[in-house]
Amino acid sequence: MEKIIIIDYGLGNLRSIVKALNYLSKEVKITNNPDEIKNASKLILPGVGAFKDGMSGLKSRGLIKPIKDYIKSGKPILGICLGMQLLMTESEEFGLHKGLNFIPGKVVKLKDIKKVDEEGYKVPHIGWSQLDIIKKDSIFSNIPNKSEFYFVHSFYVKPNNKEYTTSVTMYGKQEICASIQKDNVFGCQFHPEMSGSLGLEIYKNFCKLNS
Amino acid sequence: MKKIRIIPRLDIKGPNVIKGIHLEGLRIVGNPSILAKRYYEQGADELLYIDVVASLYNRDSILEIVNKTSKDIFIPLTVGGGIRTLDDIRTLLRAGADKIAINTAATKNPEIIKKGAEMFGSQCIVVSIEAKSISPGKWEAYIENGREKTGLDVVEWAKEVTELGAGEILLTSIDREGTGTGYDINLTEKIASLVNIPVIACGGAGNIKHIIECVKQGKADAISMASILHYNKITIPEIKSELKKNGIHVREYGKNNNN
């Protein structure tokens, strides 16, 4: 029986994700119980807020080991926004902080471009942006290239190895990583639950993945 | 290519969407669920609900509306009106809001912006500024849905909320609101050029030209409108089509191909 678990570590609005999965007729549970996390068949790590708060939220609830054990088992995990950033080695947000280190690389700040000729891109990056999809399978299996998704973030991930980047998007003249994958570890910088019907497809595709 | 966001605004009183002029008035224009769904299906990029008499009526009705209407709508929803405490913010986020808009409470206690940003993330905190012109190039911030003066200079206040950690500014021109005579371009341009967070312009859209000039001259990052949509003067697909023709990038929409 499918056990989709959303990790509650004190950050972020989990309800939107629950809503999306319920709309897809998926049963989902929000929990911070280590056993339920370890034994989930699909795991979602949400997140909205600051990196260091995210890490301390996980640490204080004793969730780092259960997540590590879950990932070792080969079952799929999906990190969203801050959730994806936490999967990296470290982040530069408000100082240098260590992450879960499942995907080698760091989290860095978007450059604030405010010159008139740069179209006045601001930070946070808030709004819809097109994806150039590099790895067209798994969660992107039926997603047309150049599809638009909703982003809201001030930091982005820089994987050490290009092969972990599964899609990119342009922010002004910066090309930034929009999603990552390393084996069973997936991450999206954008919010599928706020990206209309194509966002729902991302969740559908994730739920279809086998271990 | 930065995409300009189109954000329909639904002013909610009890179970109805209402519309006023200069933020006053009680004309009922429709049902929140029906309008929200229609705008979502037409390609709205986000939705904005303002509970216009939150302090006078029972708060539960807006929570119920947020809960009910957000069930099958998958674009960001910002909810404002009468938010006083961090608990109010938490309650709204739990009910289905993705962001909250705060005005009155922020002017009385600016720390709530900072604490809200720390607790829930900057991107959840939209500071709503209602601006009334006092002389050319000068505007005063109002609260209580345009009913009370604050003595705050809008330009200084916008700078301050940005420093406190607001994620976005929702900038409404009280002079233009509901009149259909166009956005206050000077106001929008002044604030949008000054702060390094996104500015959502609101108040005054009467036709597509107003929207185009608000983006091109006003430098707005997002455009919110109410009357022009609720009274069916134009549809969202028509707005996006015209913006594209005028070189303004927008998110593509359409039930069959995307979102």
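So, a few notes on the structure that sits alongside this text. Because the structure is a prediction, the values reported are computed rather than measured. (Residues numbered from 1 in each chain as written. Chains lettered and ligands numbered in written order. Predicted model: local features only at pLDDT ≥ 70, side-chain atom pairs only at ≥ 80, totals over all residues. Heavy atoms only, no water.)

Scanning chain B from terminus to terminus reveals 10 helices and 12 strands. For 259 residues, the compact-globule estimate of 2.2 N^0.38 gives 18 Å, and the C-alpha radius of gyration of chain B, at 17 Å, lies within 12% of that figure. The proportion of buried residues among the 259 residues of chain B is 60%. Of the contacts made within chain B by residues no fewer than 6 positions apart, 66% connect residues no fewer than 24 positions apart. (Helix = DSSP H or I, 4+ residues; strand = E, 2+ residues; numbered from the N terminus. Rg over C-alpha atoms; globule rule 2.2 N^0.38 Å. Buried < 20%, exposed > 50% of the residue type's maximum accessible area, 1.4 Å probe, protein only. Contact = heavy atoms within 4.5 Å.)

Inspection of every chain in the model, using the stated rule, returns 31 salt bridges over all chains. When the shortest N-O distance is used, the salt bridge between Lys106 of chain A and Glu92 of chain A registers 3.0 Å. Of this pair, Lys106 of chain A sits in strand β7 (residues 103-109) while Glu92 of chain A sits in the loop between β5 (88-91) and β6 (97-98), and the two are 14 residues apart along the sequence. Lys106 of chain A sits in the partly exposed class, given a relative accessible area of 30%. Here Asp153 of chain B and Lys138 of chain B are joined by a salt bridge, their closest N and O atoms 3.1 Å apart. With Asp153 of chain B in strand β9 (residues 148-153) and Lys138 of chain B in strand β8 (residues 138-143), the pair connects residues that are 15 residues apart, well separated along the chain. Lys138 of chain B sits in the partly exposed class, given a relative accessible area of 41%. The network of salt bridges with common partners includes Arg5, Glu46, Lys99 and Glu168 of chain B. (Salt bridge = Lys/Arg side-chain N within 4 Å of Asp/Glu carboxyl O.)

Much of the literature gives interface size as the accessible area that the parts lose upon coming together. The interface is formed by 43 residues belonging to chain B together with 33 residues belonging to chain A. Between chain B and chain A, the buried area comes to about 3,000 Å², and carbon and sulfur atoms account for 51% of it. On the surface where chain B and chain A come into contact, there are 2 salt bridges. The closest approach of N and O atoms between Lys3 of chain B and Glu148 of chain A, which form a salt bridge, is 2.7 Å. (Buried area = accessible area lost by both parts, 1.4 Å probe.)

A separate point is helix α8 (residues 208-216) of chain B. For an α-helix, the turn length of 3.6 residues means that residues three or four places apart are oriented alike. Residues and elements named next belong to chain B. Three or more residues of α8 are buried, namely Ile208, His210, Ile211, Ile212, Cys214 and Val215. Those residues of α8 hidden inside the fold are in contact with α7 (185-194), β11 (199-202), β12 (222-225), α9 (227-230) and α10 (236-245). The N-terminus of α8 is capped by Asn207, whose side-chain oxygen sits 2.9 Å from the backbone nitrogen of Lys209. (Polar contact = N/O pair within 3.5 Å; in protein donor to acceptor, adjacent residues only side chain to side chain.)

A word on unusual backbone geometry. Residues and elements named next belong to chain A. In the segment running from Val123 into Pro124, the intervening peptide bond is cis, with an omega of 10°. Even without glycine at this site, Cys81 takes up a positive phi of about 55°. For Cys81, the location among the structural elements is in the loop between β4 (77-80) and α5 (82-86). For Cys81, a relative accessible area of 6% gives the class buried.

Attention shifts here to the packing of aromatic side chains. Taken as a whole and judged by the stated rule, the model has 5 aromatic pairs over all chains. Centre to centre, the rings of Phe151 of chain A and Phe190 of chain A are 5.7 Å apart; their planes meet at 65°, and the pair counts as edge-to-face. Of this pair, Phe151 of chain A sits in strand β10 (residues 148-153) while Phe190 of chain A sits in the loop between β14 (185-188) and α6 (196-208), and the two are 39 residues apart along the sequence. Note on Phe186 of chain A and Phe206 of chain A: the rings are 6.3 Å apart at their centroids and 75° apart in plane angle, and the pair reads as edge-to-face. One end of the pair, Phe186 of chain A, is in strand β14; the other, Phe206 of chain A, is in helix α6, with 20 residues separating them in the sequence. Phe206 of chain A matches Phe186 of chain A in its accessibility class, with the two residues each being buried. Counting every residue linked through ring pairs, the aromatic cluster contains Phe149, Phe151 and Phe190 of chain A. One residue, Arg251 of chain B, lies across the ring of Trp128 of chain A, its end atom 3.8 Å from the ring centre. (Phe/Tyr/Trp six-rings, centres within 6.5 Å; stacked < 30°, edge-to-face > 60°. Lys NZ or Arg CZ within 6 Å of the ring centre and 35° of its normal.)

Core analysis: the biggest nonpolar cluster contains 113 residues, and Tyr49, Ile169, Ile191, Ile211, Ile223 and Met225 of chain B have the highest contact counts within it. Filtering out sequence-adjacent residues up to four positions away, Met225 of chain B remains in contact with Ile6, Ile7, Pro8, Arg9, Tyr183, Ala205, Ile211 and Ile239 of chain B. Counting residues in each nonpolar core, the second largest holds 32 residues, with Leu58, Leu100, Phe102 and Ile103 of chain A among its members. (Core = buried A, V, L, I, M, F, W, Y, C linked by side-chain atoms within 4.5 Å.)

All names here are of chain B. Across the 6 residues of β8, 5 count as buried, placing the element largely inside the fold. Judged from the 5 bridges that link them, strand β7 (residues 125-135) and β8 form a sheet pairing that is antiparallel. Bridge pairing links Glu130 to Tyr142 in β8. Between the antiparallel neighbours β7 and β8 lie 2 residues, among them Gly137 with a positive phi of about 80°. Bridge count between β8 and β9: 3 bridges; the pairing is antiparallel. Bridge pairing in β9 links Tyr142 to Lys149. Between β8 and β9, which pair antiparallel and follow one another directly, the connecting turn spans 4 residues, one of which, Glu144, has a positive phi of 55°. (Pairing = 2+ DSSP bridges.)

All names here are of chain A. Read across the sheet, 4 strands follow the order β6-β5-β7-β11 without closing on themselves; strand pairing throughout is mixed. The sheet is open, and its two edges are formed by β6 and β11 (155-159), each paired on a single side. Alignment of β7 against β11, held across 5 bridges, turns out to be antiparallel. Bridged to Gly105 within β11 is Pro159.

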